[in-house]
Structure formats: structure tokens, C-alpha cells
Amino acid sequence: MMDENKLGILYTASSYLLWGLLPLYWKLMNEISAWEILAHRIIWSLGFVIILIFSIKRWDAFKKECRAIIKNKKKAIGITLASLFITMNWFTYIWAVNSNHVIEVSLGYYINPLLSILLGMIVLKEKLSPFQYISFSLAAIGVGYMTLHFDSFPWIALLLAFSFGMYGLLKKLVPLESLFGLAIETMIVTPIALTYIAIIGGGVFGGSTPDTLLLLGGGVATAIPLLLFASGAKRIPLSMVGFLQYIAPTLMLIFGVFLYGEPFTNVHMVSFTFIWVALIIYSVSRTRLFLRIEKGWQRKSRSFGA
């Protein structure tokens, strides 16, 4: 029998592995509009999670959660904003992958944990450790270097990082069970998705069997990694989650360079190196050794101030 820690690592690593493989899936629909893919992703994600909720006999609990949200204005606004941010993230991701920006997508998900630190500091008034300040500064230098030398702002990477960072922040402010959360978030934007499908007259759905199956599968491809992550993350320390989360952007970077032949220049190398070092410092700073060093610094600073 596998212990909880090993099971948590397996589930969490599997979720990030699947997220890292998603560019391969969206590339199969390269000829379909990103808006159409997004609309179907929303609709079939909702359908899939509703079936799951029924199958595990949680429908009554789900209805109770929905009623509680409707009665709580703060929760209702929070979950609505979360649904809009994750929809923005999904569209940007799909459009970027199918427009040959996989490397910039990977950059966005490397930046994301560091941007989440900044959002926590600004919104939740969380205090940054010296190592976190160093990490964020190095990442900022990396992004700035790329902007200056390419004469273009890496908006795809930053939009992905910002939208997912805001989504994570809102999920922290309005905590929900992952399955219920995904169902409610997709339910909020499904009317918009259905309206879009009605306007374009169904698009490619139903016309070609492979395309139809791929669009239907988008719901499964969305829900399964999220549910694996939710099951795994609660079983292992946050520091382990932090290390495992770099599986996805690393796979994306490998696909962008070696599979899709996107250019990886010296400018990319310098920028990514700054960000990789920042992430290493951040991840290592969460280990027990560095936490003890940090506490030692704090005690010394208090003794000097006394």
C-alpha cells in the first residue's frame, strides 16, 4: 500500500506532467479558431465535472454550495472574477500555443509563482523573506532584459502569469472544493460560450469526427489534471509542490525548441537563466536549512535593534 506522501507526489507530478503535455493536444486543433476551442473547452469541462459530481453522489452538496455562494455577495463576486481570469488564461494559452509562442507560454508559467508572491505581498500583506526579494528581483531583471533586447514586451508570458496568479489569489480568498469550483466557474461563463457557438453556427463541431472528438476531449483534458493536483497537493508539503510545478513549463520549453522549432536565442538564454536562478533560490529557500538561516538573521536583526 503506497503511503500518503508517495501518493501525493504521484498525483501532483502527474497533474503537472499532463499540463506540460497540453500544448501537444491544442496543436492537434491548430486549424480551429482559439475562440471556438475555448468555447468548447468551457462547455465540455462543465459537462464532464457535472457527470463526475453525479457519479460520486455529491449533487446535493454541490447545490448547497451554489446556494451559499448566491447568498454571499463577496463569494459570488470572487468566484465570478476567478472564472473570468481563468477564461482569460485559457484563451491566451490556446491562442499562444497555436500561434507558435510555446516558448513564451513556458516563460509565463516559470514567472507565475514569483508573480503570485508579489500579489500575496500587495493584496494579502504577506511579508517577503530576503530570499524572496532576491528571487523576485532576478526574475524582473530577466523579463526586463528580454523586453529591452527584443524591443517588444513579453505580453503573452506576463498575461498568462498575471491571469493565473489572480485566479490563484481569488481561489485563496474564496476557497471551494476543486470539483465544485471548476463546475461553478465554467457554469458562470458557459452562457457566453453557448452564445458564441450559436453565433458561428456550430463551427467545426459535428463536421469532422476527429475535430469533434478533440473538442469534446478538451473538457476531460481540463478537468483531470486539476483534480489530480487537488488530490495530490493536500498530501505533500508546499515546498514539494513548488519543486514539482516546474515540470510543466520545462516540458513546454522542450516542445517549443525541439519539436516546434521556435527560435531560442542568446537573449532567451540570458532571460531564462535569470528566471531559473530566481526559481531555484525561491524553491531552496523553503527548505528547513534556509528557513533556519532566515530565522537566525531575524534574531540577529532584532538584537541589533534592541
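Data block above holds the structure.
What counts, and at which threshold
- Residues numbered from 1 in each chain as written.
- Predicted model: local features only at pLDDT ≥ 70, side-chain atom pairs only at ≥ 80, totals over all residues.
- Heavy atoms only, no water.
- Salt bridge = Lys/Arg side-chain N within 4 Å of Asp/Glu carboxyl O.
- Helix = DSSP H or I, 4+ residues; strand = E, 2+ residues; numbered from the N terminus.
- Buried < 20%, exposed > 50% of the residue type's maximum accessible area, 1.4 Å probe, protein only.
- Expected span 1.5 Å × (residues − 1).
- Polar contact = N/O pair within 3.5 Å; in protein donor to acceptor, adjacent residues only side chain to side chain.
- Phe/Tyr/Trp six-rings, centres within 6.5 Å; stacked < 30°, edge-to-face > 60°.
- Lys NZ or Arg CZ within 6 Å of the ring centre and 35° of its normal.
- Patch = residues over 30% accessible without salt bridge, like charges linked within 9 Å, V, L, I, M, F, W, Y side chains within 5 Å.
- Areas by Shrake-Rupley, 256 points an atom, 1.4 Å probe, with all protein chains shown as cover.
- Core = buried A, V, L, I, M, F, W, Y, C linked by side-chain atoms within 4.5 Å.
- Contact = heavy atoms within 4.5 Å.
- Axes fitted to C-alpha atoms, helices over the stretch in contact; angles between N-to-C directions.
- Parallel < 35°, antiparallel > 145°, perpendicular 65-115°, else oblique.
- Left-handed = near helix turned anticlockwise from the far one by under 90°.
- Nonpolar A, V, L, I, M, F, W, Y, C, P; charged D, E, K, R; others polar.

**Examining the pattern of salt bridges**
A pair can form between side chains of opposite charge whenever their charged atoms are brought close.
Here comes step 1: Applying the stated criterion across every chain yields a total of 3 salt bridges.
Here comes step 2: Arg58 is the salt-bridge partner of Glu177, the closest N and O atoms lying 3.1 Å from each other. Residue Glu177 is found in the loop between helix H7 (155-173) and helix H8 (178-200), and its partner Arg58 is found in the loop between helix H2 (34-55) and helix H3 (59-71); the two are separated by 119 residues along the sequence.
Here comes step 3: Relative accessible area serves as the criterion here: at 34%, Glu177 is assigned to the partly exposed category.
Here comes step 4: We classify Arg58 as partly exposed; its relative accessible area is 28%.
Here comes step 5: Between Asp60 and Lys63 there is a salt bridge, with the nearest N and O atoms lying 3.9 Å from each other. Of this pair, Asp60 and Lys63 both sit in helix H3, separated by 3 residues, roughly a single helical turn.
Here comes step 6: Here Asp60 falls in the exposed class, since its relative accessible area comes to 59%.

**Digging into helix H4 (residues 73-98)**
Here comes step 1: Here H4 is 26 residues long and its end C-alpha atoms lie 38 Å apart, about the 38 Å a rise of 1.5 Å per residue gives.
Here comes step 2: Two to three positions downstream of the cap, the backbone nitrogen of Lys74 sits 3.1 Å from a side-chain oxygen, assigning the N-cap of H4 to Asn72.
Here comes step 3: Looking one or two residues beyond H4, the residue adopting positive phi is Asn100, at roughly 65°.

**Some points on the packing of aromatic side chains**
The description of an aromatic ring pair uses the distance of the two centres, along with the angle that the planes make with each other.
Here comes step 1: As enumerated under the stated definition, the model contains 17 aromatic pairs in all.
Here comes step 2: With a centroid separation of 6.2 Å and 75° between ring planes, the pair formed by Tyr109 and Phe164 is classed as edge-to-face. You can see Tyr109 sitting in helix H5 (residues 102-123) and its partner Phe164 sitting in helix H7, a full 55 residues away along the chain.
Here comes step 3: By relative accessible area, which is 29% here, Phe164 ends up partly exposed.
Here comes step 4: Aromatic rings pair up to connect Phe54, Trp59, Phe62 and Phe180 into one cluster.
Here comes step 5: The ring centre of Tyr260 lies 4.7 Å from the NZ or CZ of Lys27, which sits over that ring.

**Considering a nonpolar patch on the surface**
Here comes step 1: Taken together, the side chains of Leu17, Leu18, Leu21, Val220 and Ile224 make up a nonpolar region of the molecular surface, amounting to roughly 330 Å² of accessible area.
Here comes step 2: The set of elements that each furnish at least two residues to the nonpolar patch consists of helix H1 (4-27) and helix H9 (209-233).
Here comes step 3: At 3 residues, H1 tops the list of elements feeding residues into the nonpolar patch.
Here comes step 4: Tracing the chain through its elements places Ile224 in helix H9.

**Topic: the nonpolar core**
When a protein is soluble and globular, its nonpolar side chains tend to lie buried together.
Here comes step 1: Counting 60 residues, the largest nonpolar core has Trp26, Met29, Phe62, Tyr93 and Val105 as the members making the most contacts within it.
Here comes step 2: Those residues in contact with Phe62 that lie beyond four places of it in its chain are Ile50, Ile53, Phe180, Ala183, Ile184 and Met187.
Here comes step 3: Counting residues in each nonpolar core, the second largest holds 22 residues, with Ile103, Tyr246, Leu253 and Ile275 among its members.

**What about unusual backbone geometry?**
Here comes step 1: Non-glycine residue Lys57 carries a positive phi angle of around 60°.
Here comes step 2: Along the chain, Lys57 falls in the loop between H2 and H3.
Here comes step 3: The exposed category is assigned to Lys57, whose relative accessible area is 76%.
Here comes step 4: The backbone of Asn100 sits at a positive phi, close to 65°, despite the residue not being glycine.
Here comes step 5: Along the chain, Asn100 falls in the loop between H4 and H5.
Here comes step 6: Using a relative accessible area of 48% as the deciding quantity, one classes Asn100 as partly exposed.

**Focus: the packing of H1 against H9**
Here comes step 1: H9 packs onto H1 with a crossing angle of 155° between their chain directions and a minimal axis gap of 7 Å. The angle between the axes of H1 and H9 places the two elements in the roughly antiparallel class. Between H1 and H9 lies a crossing whose hand is left-handed.
Here comes step 2: Across the contact of H1 with H9, the residue classes break down as 16 nonpolar, 8 polar and no charged.

No statement about biological role is implied by the geometric values presented.
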